[in-house]
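# Residue-level structural notes
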Amino acid sequence: MDSNREIPPELEAIALRKFDSLVDRGEIQYERPKTSVVWAQGFQFQFDVTPALSNKPILSPEDPGRSNPIGPFVDPPEEWPYVETSISGVPFVHFVVRLPEKSSSKQVYTQYERLLGMAKDALKAAHAGTDYNLILVSEWMALIPRRRKGWGSFIANAANMVGSLWLRIEEQRDDMLKHPIVDMLAELGIPLQRT
């Protein structure tokens, strides 16, 4: 990796234009989802339901929710000079760091290595293997050590672990809400000890 290369500031716009082009050509399927926001056990979830998921792999859609994200990971305080490990309401081990404005690829990679080391230590202490999720946005980065990939027929990814769930039908959401969903997420990661 060329660690001196800058991430182009227009990267998001380029990616969105490419996505729209692929949709227009019919190379990928996209249907605007029906979105609902639900609080469960003190954790905010965004459920996006779209039948298009029945016919294709999950892809990043152009959704209005991107400009108004929700959940406990969304806006870490500016004053974080350290790795945050105890965001209120998050029931599993997590490592989050704010990124400097206009971060270089070297700065981002350095923070990734820092979080990865912490995640590996947590996984080793929990006798939990080597799996983790990485969430990277322009303002912050998070690593979530994982013990399990899912429950039942639901396979959880990084977006799910921070409260964004994409489903094929509304009945899936209704079924999930019958269970203590936050407790289930905790079991997929490394559960924090509750006091």
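Anything mentioned here points back to the structure above.
Remember, predicted model here, so these are calculated numbers, not experimental data. (Residues numbered from 1 in each chain as written. Predicted model: local features only at pLDDT ≥ 70, side-chain atom pairs only at ≥ 80, totals over all residues. Heavy atoms only, no water.)

### A short note on the sheet that holds strand S2 (residues 43–49)
Just so we agree on the cut-off: When DSSP finds at least two bridges between two strands, those strands are taken to pair. A run of H or I in DSSP becomes a helix once it reaches four residues, and a run of E becomes a strand once it reaches two; helices and strands are each numbered from the N terminus. The axes are straight lines fitted to the C-alpha atoms, using for helices just the contacting stretch, and the angles between their N-to-C directions are given from 0 to 180°. Two residues qualify as a contact provided that any one of their heavy atoms is within 4.5 Å of a heavy atom in the partner residue.
Reading across the sheet, the 3 strands line up as S1-S2-S8 and stay open at both edges, with mixed pairing between neighbours. The two strands at the open ends of the sheet, each matched to only one other strand, are strand S1 (34–40) and strand S8 (164–167). Going from strand to strand, the sheet's axes swing by 25° on average, the running direction of each strand aside. Sheet topology note: the S1/S2 ladder contains 7 bridges and is antiparallel. Looking across to S2, one finds that Lys 34 is bridged to Val 49. Across the sheet, helix H5 (residues 181–188) touches S1, S2 and S8, and the angle it forms with S2 is around 95°.

### Describing the packing of aromatic side chains
Keep this limit in mind: Aromatic contacts are taken between Phe, Tyr and Trp rings whose centres are within 6.5 Å, Trp giving its six-membered ring; a plane angle under 30 degrees counts as stacked, one over 60 as edge-to-face, and the others as tilted. Accessibility here uses a 1.4 Å probe with only protein chains present; expressed as a share of the type maximum, an area under 20% marks a residue as buried, one over 50% as exposed, and anything in between as partly exposed.
Here the structure, examined in full by the defined rule, presents 3 aromatic pairs. Ring geometry for Phe 43 versus Phe 45: centroids 4.8 Å apart, planes at 45°, classification tilted. Across this residue pair, the class does not change: Phe 43 and Phe 45 are buried. Taking the centre distance of 6.0 Å and the plane angle of 35° together, the rings of Tyr 109 and Tyr 112 count as tilted. Highlighted residues: Tyr 109 and Tyr 112, both in helix H2 (residues 105–125), separated by 3 residues, approximately one helical turn. Taking relative accessible area as the criterion, Tyr 109 reaches 37% and is therefore assigned partly exposed. Taken together, the aromatic side chains of Phe 43, Phe 45 and Phe 47 make up a single cluster linked through ring pairs.

Just geometry here; none of it tells us what the structure is for.
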